[in-house]
Amino acid sequence: MKIIADENMPNVSTLFSSIGEVSLTPGRSLSSEQIKDADILLVRSVTKVTATLLENSNIKFVGSATIGTDHIDLEYLSENDICFSSAPGCNADAVADYVFSALSHLYLNKKLEWLNKRIGIIGHGNVGKTVYQRFSALGCDVVAYDPFVESDSVRLVSLDEVLNCDIICLHAPLTKTGLHPTYKMLGKEQLQKLKPNTTLISAGRGGVVCEDSLLIRHDELGGKLNLVWDVWKSEPHINTALLDKVDLATPHIAGYSKQGREKGTWMVYLALCKFLNLNPKLDYSKAISQGNITEMSLNKDANLHEAIARAVLAIYDISRDDTRLRRKYRNAPSFETFDWLRKHYVERDEFNTCIATQTSYQDELNAIGFKHLNT
């Protein structure tokens, strides 16, 4: 059995070599010629899996180690009896970590005291739900907008109400059809509702925000917006005008924790084993890495904002990725730089791999995502 896999899927050879012959390839440049004799195709979000790619191939199973499916022609797969599996929720903790790293950075560098602000979340899928739960566990005033969700456990409000919040987290998928398409969902009219000093964290999909309209609103507010940007409309091309305005810029790596990426590969591996009616050869503990910092103690005199910021940034400092992106783009302002940064990403751990202890704020640190003492 021949398996073609994106070279950036962690542990892919280790997990899948017991099933077949694994060949690794750059995901964005994958061609129909490369897969014509393959049985299994394993991708990430950079590969567009369409009829053009798959026709005249022997592919029987497509696995995407990502939460989104906007890069997959699901209708074509269904019509041609090709099994598909993705990894919903695999990077939810990683993206939530990204959000809190951004807020920690903004607290230390711009004195943004976010714990007492009103927080709005757009998109209440696996990622949005995780982010919402963390803010809620912290006792924050948090609401969400998602027209496809009905739940008594979340404070659902209109899009206008979310846009009136002090901090807005974008975690919506990219859709262009249906009752509520998200493509350019935040256009000129919606962005006019942003107040001065609003914080906007975009860590879902590029294209949900009209970048040109955001630049106009940024100038209208005299630059009084805090912008954290992980996803870009024309990836792998970056809007350099927007890059100059945002506080933090990263190359679509919000979900790129070591454990999150490993969970994505693991979930697809289990799906393929089920499809082939095979028993998995490895177990979860062997497929998911332990953290590098397993325990830390914080100064008991720190205030809550400070304690959270210091703990969070000790595990993942988002400014590292921002600095790396800007430096690389200064030296090589090319779309190839975007993929290079993703391919050569410096691994980071999730908060849940570490115990953070601070007597006064232990519950809050656990709410952020740090490992409990008794687990």
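Computed from a predicted model, the values in this text were never measured in an experiment. (Residues numbered from 1 in each chain as written. Predicted model: local features only at pLDDT ≥ 70, side-chain atom pairs only at ≥ 80, totals over all residues. Heavy atoms only, no water.)

### A word on the pairing of strand S1 (residues 2-6)
Part 1: Among the 5 residues in S1, 4 count as buried, and that is most of the element.
Part 2: Note that S1 and strand S2 (residues 21-25) share 5 bridges and pair parallel. Its bridge partner being in S2, Lys-2 is matched across the sheet by Glu-21.
Part 3: As paired strands, S1 and strand S3 (residues 40-43) are joined by 3 bridges and run parallel to one another. Bridge pairing in S3 places Ile-4 opposite Leu-41. (Buried < 20%, exposed > 50% of the residue type's maximum accessible area, 1.4 Å probe, protein only. Helix = DSSP H or I, 4+ residues; strand = E, 2+ residues; numbered from the N terminus. Pairing = 2+ DSSP bridges.)

### What to know about helix H13 (residues 304-315)
Part 1: Its 12 residues give H13 an end-to-end C-alpha distance of 17 Å, which sits within 8% of 16 Å, the value for a rise of 1.5 Å per residue.
Part 2: For H13, the complete set of buried residues consists of Leu-304, His-305, Ala-307, Ile-308, Ala-309, Ala-311, Val-312, Leu-313 and Ile-315.
Part 3: Buried positions along H13 lie against helix H5 (92-110), strand S12 (295-297), helix H14 (318-331), strand S13 (355-357) and helix H16 (362-368).
Part 4: Sitting at the head of H13, Asn-303 places a side-chain oxygen 3.1 Å from the backbone nitrogen of His-305. (Expected span 1.5 Å × (residues − 1). Contact = heavy atoms within 4.5 Å. Polar contact = N/O pair within 3.5 Å; in protein donor to acceptor, adjacent residues only side chain to side chain.)

### Details of helix H11 (residues 258-275)
Part 1: If you check H11, its first and last C-alpha atoms are 26 Å apart, about what 18 residues at 1.5 Å a residue would give, namely 26 Å.
Part 2: Among all positions of H11, only Gln-259, Gly-260, Arg-261, Glu-262, Lys-263, Gly-264, Thr-265, Trp-266, Val-268, Tyr-269, Leu-272 and Cys-273 are buried.
Part 3: Structurally, H11 contributes buried residues whose contacts are with helix H1 (12-16), S3, strand S4 (61-64), strand S5 (83-85), H5 and helix H12 (284-287).
Part 4: Once H11 finishes, Asn-277 follows within two positions and takes phi at roughly 60°, a positive value.

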